[in-house]
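Structural description and commentary
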Amino acid sequence: MTLAIPSSTLNKMLNAMIPAGADDADLYLQHSQSESMALEEGRVKHVSSSTHQGIGARVVKGEAAGHAYTDRLEPAALMEAATAARTIAEGKQNNAPVAIHSSKPAHALYRPENPAMAASMHERKNLLERLDTLARGIDPRVVQVFANVSASFSDIHIIRMDGAHLHDARPLVRLNISVVVEQDGRRETGGAGGGGRFGLDRMLQGEEAERLTREAVRIALLNLDAVAAPAGPMPVVLGPGWPGILLHEAIGHGLEGDFNRKGTSAFAGRIGEQVAAKGITVVDDGTISERRGSLNFDDEGTDTHRTVLIEDGILTGYLQDKQNARLMGMAPTGNGRRESYAHPVLPRMTNTFMLAGHDTPDDILASLERGIYAVNFGGGQVDITSGKFVFTTSEAYLVENGEIKAPVKGATLIGDGPSVLKKVSMIGNDLALDPGVGTCGKDGQSVPVGVGLPTIRIDELIVGGAEI
Amino acid sequence: MTSHLQTLSQQLVEMAKISGACEADAMAVADTGESIRVRNGKVESVEREDAQGVGLRVFVEQATAQGTGLAFASASTSDVSETGLKLLVKQVMEMARISEPDPDAVPPTGANHPTRKELDAWTERHTVDASWNTEAAKQAALTCEDAALSFSDKITNSEGAEAGFGMVRVAYASADGFAAAYEKSSAALSASVIAGAGDGMQRDYAWDRKRSANALRAPEAIGREASERTLRRLGASSMDGGAMTVVFEPRVAASIPGHLISAINGRAVLQQRSFLADQKGKHIFPDFMRIVDDPDHPQGLGNRLFDGEGTRCRPMTIIDHGALSGFLADRYAARRLGSTPTGHASRGLTGDISIGTSNLILEAGHQTVENILHEIGNGLLVTELIGFGVNGVTGDYSRGASGFLIENGKLSRPVQEITIAGNLKDMFANISHLGDDLTWFGSSAVPTVAITGMTVAGQG
């Protein structure tokens, strides 16, 4: 683990930036390399790469935090950043020398290797061309194919206030396919994607890339027959996997420590209360091997955990970084995350999912007299204060008397976070995690996350279709 | 500083040519700034940024079945040391050689660049302003939050007020010898507060962003607006759905021209990814509508003299008397569409060119909002939209909303947990009223917009 900056300089920065009475401080050095290759109109013609390196200096005291970063790794710029980070606190600097020493993380959840190295650019190009051919061969109505493969590798060093030095090397890959189909002048799209913290070779082997391509074409063709979704309150059955975005929006954000410490979340002060139907258990687990939302330790150097948020319907925990945990008298949960050295730390989710129940997916669907069966979604959003959240279907069906009647166009579903899980009346035995596509946005920062869900029935959500 | 960046971008173009690129263009940027957030009268965070980076796009000639063609690739780095730059050039050349030639690829050489005289005149006219320092920004944030919190006893909590200021410096150079640099300052102030408790809690915010701190609205005014907006939401509940007229406040109406721009993006049109792909010249809006893109507006944050390919930017009337005048095109899209580049090439440090506007203005109407509500009688005023339920290929639209019920020509009560749905093509055509309240949001300006016949879903 080589550092781009001599440890004597880091030592000097650390000593200069820690004010008297500081609760926390750290340096975050990052070198990240991303490569992306995209195919459109039958050609691989967008190849790009980006390299970011820099250092973030952070000081935390009470409820305040100072953060300064610089891309210029020269001594003067580094000391300027260190000085700027401590402007939140008055008082003399702490001159007690800190010795930087290596510290071992608890987990090794992914291989610390650049995932791009596992597949040459030629191999990636061949893959994209193969998927293009495959998609067009499935159905002549496929008129456009977009395929993108990307890999990033982030090398991170965290030097904590006590001098503990942690190192992580985080791989992340992603494959995305989307197609446009056309029939009688009507155009529709469909898409699919997958990825995780592993080498790119994984996307090249096996049938996953082919499966995603078939999935994208299937959804697009299905949409050619989609009718306007109904409008109004009705029961909704969510399929397994990515529909877990419901949990991410409806409860996950509302349970982040910062909002609860400040009392701005609809979930503030509700620990111990019943916020979901009996039988519902929801966890956030950053320790699942090779998952997109997993980390060996969070961006403050805290080991990641499996945190139970809701147990058998009762609210049991929040997602915490160090600052909010300390201010709330709780333990950090390994959820302090930042997009990069250029961003401040916030409590964020990792992989958030509901544990399986006992109902079969068939029984759950059969219970639906008239409603929506939604198996795939686009993005979602939440207002954590009012608790209202939305997520938008990308594959959904109108169901009557337990039978699928017709695919429906994308519709936004809206609900109330603190009450929606009380309306869950059936929980499937088919828990699945999403294929590795989630990106969560908060305060302008994007971080990779995962979600998961078994098939569930929600007795009522408002469906925002265009059909009255 | 900007001259240093300009030299850097020119140096990169030279290095690329020496490495075998037949064409190249490069950008160099430096971003500096600070933001100070206060909450309950105390500093909550101070953030300082000091970013730099360079981006390089190269074109190489490759043999194809039809002769030769140009293939390209792009790369960026924040490491501007000599080693960093050399590595960047090596990487980007390798990638370009793997990339597939496109017969329509157009290098930036020979774009309709602004003249040196125009560049100088622009720099002289567009001065930067750095009137805020950390302390001044902090004071503005404190004043702003205090105005919000002291506005009413019903304000129960604060998400704080934030003041930020910064400078971005950008240089661009292309292989035909064009090189230019500019700098832009900005300042922003916002506040967000909470009213009510438990299930009835509501939050809203107010903000402003300008080229100079002096041009911002008064901190007190922003704070008061945040509180007013929050208080009026108290007691919100859902409502009965149905077909009705939906009125978009300027804050949310800004999304309407945004959806138009995505759909008339020349590249999306080429790839059949737009529901407006066959609508050039057609009346897609009512006759009274005019939408312009103005790259040199005294109010706008999006001013620019040239775009991401060095093409001189000029004002464009995108919608004239309701008709779509044309698609927005970079050099590549223009060649394939058989049109001229419109100066809308937008590029970051890495990746391909995308399409972006400068200052997008949906021109105001002549009616007061009060008058519009009176004419509509019954409907919904939307003040916040959430979610991403817009399909650019089909125009299908479905989003979460909150706002106010309009009854008998007046706002009657706050509503939430509802959705509004329709199809953008119909929504554009069914705009019935434009307010006289043109409001700027950074680089776009819109008035209140009313649309008839949308579907609202809720639970009365």
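Residues numbered from 1 in each chain as written. Chains lettered and ligands numbered in written order. Predicted model: local features only at pLDDT ≥ 70, side-chain atom pairs only at ≥ 80, totals over all residues. Heavy atoms only, no water.

**What to know about the domain arrangement of chain B**
All names here are of chain B. Per the domain assignment, the segments of chain B are domain 1 (2-32 + 49-118) and domain 2 (236-460). Between the C-alpha centres of domain 1 and domain 2 the distance comes to 34 Å. The interface is formed by 27 residues belonging to domain 1 together with 18 residues belonging to domain 2. Taken together, both faces of the contact between domain 1 and domain 2 bury some 1,800 Å²; the carbon and sulfur share is 52%. Listed by contribution, the elements that provide at least two residues to the side of domain 1 that touches domain 2 are strand E1 (23-39), strand E2 (42-64) and strand E3 (67-77). If one sorts the elements of the side of domain 1 that touches domain 2 by residue count, E2 sits on top with five residues. Classifying every residue of the side of domain 1 that touches domain 2 by side-chain character gives 14 nonpolar, eight polar and five charged. (Domains from an automatic or database assignment. Contact = heavy atoms within 4.5 Å. Buried area = accessible area lost by both parts, 1.4 Å probe. Helix = DSSP H or I, 4+ residues; strand = E, 2+ residues; numbered from the N terminus. Nonpolar A, V, L, I, M, F, W, Y, C, P; charged D, E, K, R; others polar.)

**Digging into unusual backbone geometry**
In this structure, Glu41(A) takes a positive phi of about 50 degrees despite not being glycine. Summarising the element assignment, Glu41(A) is placed in the loop between strand E1 (24-40) and strand E2 (43-61).

**Some words on the domain arrangement of chain A**
Residue and element names in this part refer to chain A. Examined at the domain level, chain A breaks down into domain 1 (115-152 + 171-224) and domain 2 (231-464). Averaged C-alpha coordinates put domain 1 and domain 2 at centres separated by 27 Å. Between domain 1 and domain 2, the contact holds 16 residues from the first and 17 residues from the second. Roughly 1,300 Å² is buried in total at the junction of domain 1 and domain 2, and carbon and sulfur atoms are behind 44% of that figure. Contact with domain 2 buries surface across domain 1, with Arg174, Arg197 and Leu222 losing the most and accounting together for 43% of the total.

**So, the nonpolar core**
The biggest cluster of nonpolar side chains holds 63 residues, and the ones touching the most others in it are Leu175(A), Val179(A), Leu56(B) and Val58(B). Counting residues per element, this core draws most heavily on helix H2 (residues 82-98) of chain B, which supplies eight residues. Discounting residues that sit within four places of it in the chain, Val58(B) has contacts with Ala16(B), Ala21(B), Glu23(B), Ala24(B), Ala71(B), Phe72(B), Ala73(B), Val92(B), Met93(B) and Ala96(B). (Core = buried A, V, L, I, M, F, W, Y, C linked by side-chain atoms within 4.5 Å. Buried < 20%, exposed > 50% of the residue type's maximum accessible area, 1.4 Å probe, protein only.)

**Regarding the packing of aromatic side chains**
In total, this model carries 12 aromatic pairs over all chains according to the counting rule given. Relative to Phe391(A), the ring of Phe389(A) lies with its centre 5.8 Å away and its plane at 40 degrees, an arrangement referred to as tilted. Phe389(A) sits in the buried class, given a relative accessible area of 0%. Within the aromatic cluster, the residues linked to one another by ring pairs are Tyr172(B), Phe178(B), Tyr182(B) and Phe306(B). Its guanidinium or amino end placed over the ring of Phe297(A), Arg170(A) lies 5.8 Å from that ring's centre, counting from NZ or CZ. (Phe/Tyr/Trp six-rings, centres within 6.5 Å; stacked < 30°, edge-to-face > 60°. Lys NZ or Arg CZ within 6 Å of the ring centre and 35° of its normal.)

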